[in-house]
Amino acid sequence: MMSMPGTEPQPQPMSTGAKFLGGAVLWLFAAFTFCVLPITVMASDGCNEGDTQPICSLAVQQAVVAIPMLTAPTAAILGTWGFCSRRGVGLIAWMGAMLLLIGAWAAVKAITE
């Protein structure tokens, strides 16, 4: 079946409510990651001289703080761009931002265990 030129179905833009909800979830998750995840460096409280746990190393402690402090703002900016963009990759950018935040949690959890 042939269609007339210009009558192809166009993708519908996301509703304003969905954008607001998605943006709110992203920003709350990014803020929570930014504020809470660096505190996990306190897992090194039980370290004594000569401990071989990764969290007992100064470089690893700094990485545990730096990972969320860099990832959260990057994810928030990427996800916000995704919602403001009219391109089709906007939703992919939001999902990528959420995956960045989840990855930060997974990396810090792996380090502190």
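See above for the structure.
Bear in mind that the values here come from a model prediction, so they are computed numbers and not experimental data.

Asks: Sorry, what's going on with a nonpolar patch on the surface here?
Replies: Residues L78, W81, V89, L91, I92, M95 and L100 make up a contiguous nonpolar surface patch of about 600 Å² in total accessible area. Mapped by element, the contributors of at least two residues to the nonpolar patch are α2 (58–84) and α3 (90–112). For the nonpolar patch, the element with the most residues is α3, which contributes four residues. As for its position among the elements, I92 is in helix α3.

Asks: Explanation requested: the packing of α2 against α3 in the structure shown.
Replies: Between two packed helices, both the angle of their axes relative to each other and the distance between the axes serve to describe the pair. At a closest axis distance of 7 Å, the pairing of α2 and α3 adopts a crossing angle of 170°. Put simply, α2 runs roughly antiparallel to α3. Taken together, the residues of the contact of α2 with α3 sort by class into 18 nonpolar, seven polar and no charged.

Asks: For this particular structure, what's the right way to read α2?
Replies: Owing to its 3.6 residues per turn, the α-helix aligns residues three or four sequence positions apart on the same side. With 27 residues, α2 should reach 39 Å at 1.5 Å per residue; the first-to-last C-alpha distance of 40 Å fits that figure. Taken together, the buried positions of α2 are Q61, V64, P68, T71, A72, A75, A76, G79, G82 and F83. For α2, the secondary structure elements touched by its buried residues are α1 (16–36) and α3.

Asks: Please clarify how the packing of aromatic side chains should be interpreted in this entry.
Replies: Any two aromatic rings considered together are summarised by their centre-to-centre distance and by the angle between their planes. Inspection of the entire model under this criterion finds two aromatic pairs. Each ring, one from F32 and one from W105, has its centre 5.7 Å from the other, and the planes form 15°; the classification is stacked. One end of the pair, F32, is in helix α1; the other, W105, is in helix α3, and 73 residues separate them in sequence. A residue is classified by how much of its surface remains accessible, and F32, at 44% relative accessible area, is partly exposed.

Asks: Which parts of the structure should I look at to understand the environment of L37?
Replies: Its place among the elements puts L37 in the loop between α1 and α2. On the basis of relative accessible area, L37 is assigned to the buried category, the value being 2%. Along the backbone, L37 and V64 are 27 residues apart, and their C-alpha atoms lie at a distance of 8.0 Å. The contacts of L37, once residues within four sequence positions are left out, are F32, V64, P68, A104, W105 and V108.

What counts and how
Residues numbered from 1 in each chain as written. Predicted model: local features only at pLDDT ≥ 70, side-chain atom pairs only at ≥ 80, totals over all residues. Heavy atoms only, no water. Patch = residues over 30% accessible without salt bridge, like charges linked within 9 Å, V, L, I, M, F, W, Y side chains within 5 Å. Areas by Shrake-Rupley, 256 points an atom, 1.4 Å probe, with all protein chains shown as cover. Salt bridge = Lys/Arg side-chain N within 4 Å of Asp/Glu carboxyl O. Helix = DSSP H or I, 4+ residues; strand = E, 2+ residues; numbered from the N terminus. Axes fitted to C-alpha atoms, helices over the stretch in contact; angles between N-to-C directions. Parallel < 35°, antiparallel > 145°, perpendicular 65-115°, else oblique. Nonpolar A, V, L, I, M, F, W, Y, C, P; charged D, E, K, R; others polar. Expected span 1.5 Å × (residues − 1). Buried < 20%, exposed > 50% of the residue type's maximum accessible area, 1.4 Å probe, protein only. Contact = heavy atoms within 4.5 Å. Phe/Tyr/Trp six-rings, centres within 6.5 Å; stacked < 30°, edge-to-face > 60°.

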